[in-house]
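# Architecture and fold: a report
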Amino acid sequence: MSLSATPPPGARSDWTIPQAWDSYTAAEHGVWDTLFARQTAMLKGRVSDAFLHGLDVLRLSEAGIPDFGELSERLTALTGWQVVAVPGLVPDDVFFDHLANRRFVAGRFIRRPDQLDYLEEPDVFHDVFGHVPLLADPAFADYMQAYGAGGLRAIRFGALEKLARLYWYTVEFGLIRQRGDLKLYGAGIVSSFGESIFALDDTSPNRIAFDLERVMRTDYRIDDYQQSYFVIDSFEELRRQTADADFAPLYGQLEGQADIAPDAILPSDRVLNRGTQRHARDRPR
Ligand code: HBI
Ligand code: FE
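Here's what I pulled together on the structure shown here. Just so we're clear, the structure is a prediction, and the values are computed from it rather than from any experiment. (Residues numbered from 1 in each chain as written. Chains lettered and ligands numbered in written order. Predicted model: local features only at pLDDT ≥ 70, side-chain atom pairs only at ≥ 80, totals over all residues. Heavy atoms only, no water.)

As a packed pair, helix α6 (residues 138–157) and helix α7 (residues 160–172) sit with axes 9 Å apart at the nearest point and diverge in direction by 160°. In this view, α6 runs roughly antiparallel relative to α7, as classed from their interaxial angle. Considering the relative orientation of α6 and α7, their crossing is left-handed. Mapping the contact onto sequence places Phe140, Tyr143, Met144, Tyr147, Gly150, Gly151, Ala154 and Ile155 in α6 and Leu160, Leu163, Ala164, Leu166, Tyr167, Thr170 and Val171 in α7. Class assignment of the residues belonging to the contact of α6 with α7 gives a composition of 12 nonpolar, three polar and no charged. (Axes fitted to C-alpha atoms, helices over the stretch in contact; angles between N-to-C directions. Helix = DSSP H or I, 4+ residues; strand = E, 2+ residues; numbered from the N terminus. Parallel < 35°, antiparallel > 145°, perpendicular 65-115°, else oblique. Left-handed = near helix turned anticlockwise from the far one by under 90°. Contact = heavy atoms within 4.5 Å. Nonpolar A, V, L, I, M, F, W, Y, C, P; charged D, E, K, R; others polar.)

Here's what the structure looks like:
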């Protein structure tokens, strides 16, 4: 796999860097503890059981920023995944190659105390608190590996944008129906105080049953809460739809079809609830 761009100084050819856990300051560990306490209090009753189970079996409630080596030992024993440190966003082909090999890339830096509510780049709290607990769930872990393998194929078909939407509306901002109730599972939601409330309680966004093709056609905004959330019935169903999908003909079908706006509802949608779309864009995230 020839990796595209050249990695930054100090990074290996696969863009990984040492986590250098010993170099975190007490203040940095303190930011993690503040975020962890606030989010776990907020998420009670709102987040999927699998996420809470992952927090528990990976012992993420221990104080301070997790040591990726220790975390990877526990995770590998459960689903074969490991967590590796990277300087920040990595090129798509590098990203997919890591996922396809069950390596989750996590930023090692943590946000400043004055950035508790929003930051552009994913930091270690978004990546490890948001993404890693579900990697302890076998069906989700297999979905993420299948997603990575699909990503490498999508590059060859020039269908990266379609696949990035699938990631966005599931891994980052997905909702799941659990015993009849809606619960959070997307990393972008569970690592955000405000969106953990908005995504379940606000009347503004649409909430629509997940459909692979529908999601791959649907645009998204990166700088605000979602205008639509897609709801899956189980991680097994998500894995099956993705692992079993033959993306080649699917991309062919999608070729001729128009993109769908983030706030749109189609006649073919199974709508759980139609949003008022009243959320003002300028509200802090
Ligand atoms: N790099 N470190 C990092 N983390 C991501 O989530 C990430 C990335 N590079 C590309 C990427 N995500 C997107 O292409 C995916 O959303 C598809
Ligand atoms: Fe993320």
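Moving on from the coordinates now.
Here we come to unusual backbone geometry. One non-glycine residue, Arg59, adopts positive backbone phi at about 55°. Following the sequence through the fold, Arg59 ends up in the loop between α2 (49–57) and α3 (68–79). When its relative accessible area of 46% is taken as the criterion, Arg59 is described as partly exposed. Backbone geometry places Gln277, a non-glycine residue, at a positive phi of 55°. With respect to the secondary-structure elements, Gln277 resides in the segment after β7 (271–273). (Buried < 20%, exposed > 50% of the residue type's maximum accessible area, 1.4 Å probe, protein only.)

Tallying each qualifying case throughout the model produces 21 aromatic pairs. Between the aromatic rings of Phe36 and Phe129, the centroid separation amounts to 5.5 Å while the plane-to-plane angle is 85°, which identifies the pairing as edge-to-face. You can see Phe36 sitting in helix α1 (residues 26–43) and its partner Phe129 sitting in helix α5 (residues 124–131), a full 93 residues away along the chain. Consider the rings of Tyr169 and Phe230, whose centres lie 5.0 Å apart with planes at 80°: the pair is edge-to-face. One end of the pair, Tyr169, is in helix α7; the other, Phe230, is in strand β6 (residues 228–232), and 61 residues separate them in sequence. (Phe/Tyr/Trp six-rings, centres within 6.5 Å; stacked < 30°, edge-to-face > 60°.)

Ordered by their spatial adjacency, five strands build an open sheet running β4-β3-β6-β5-β7, and the pairing between neighbours is mixed. Across the chains shown, the open sheet's two edge strands, defined by having one partner strand only, are β4 (181–184) and β7. Taken pair by pair, the neighbouring strands of this sheet meet at an average axis angle of 35°, ignoring direction. Across four bridges, strand β5 (residues 206–209) lies against β6 in parallel orientation. Within the sheet, the bridge partner assigned to Ile208 lies in β6 and is Phe230. (Pairing = 2+ DSSP bridges.)

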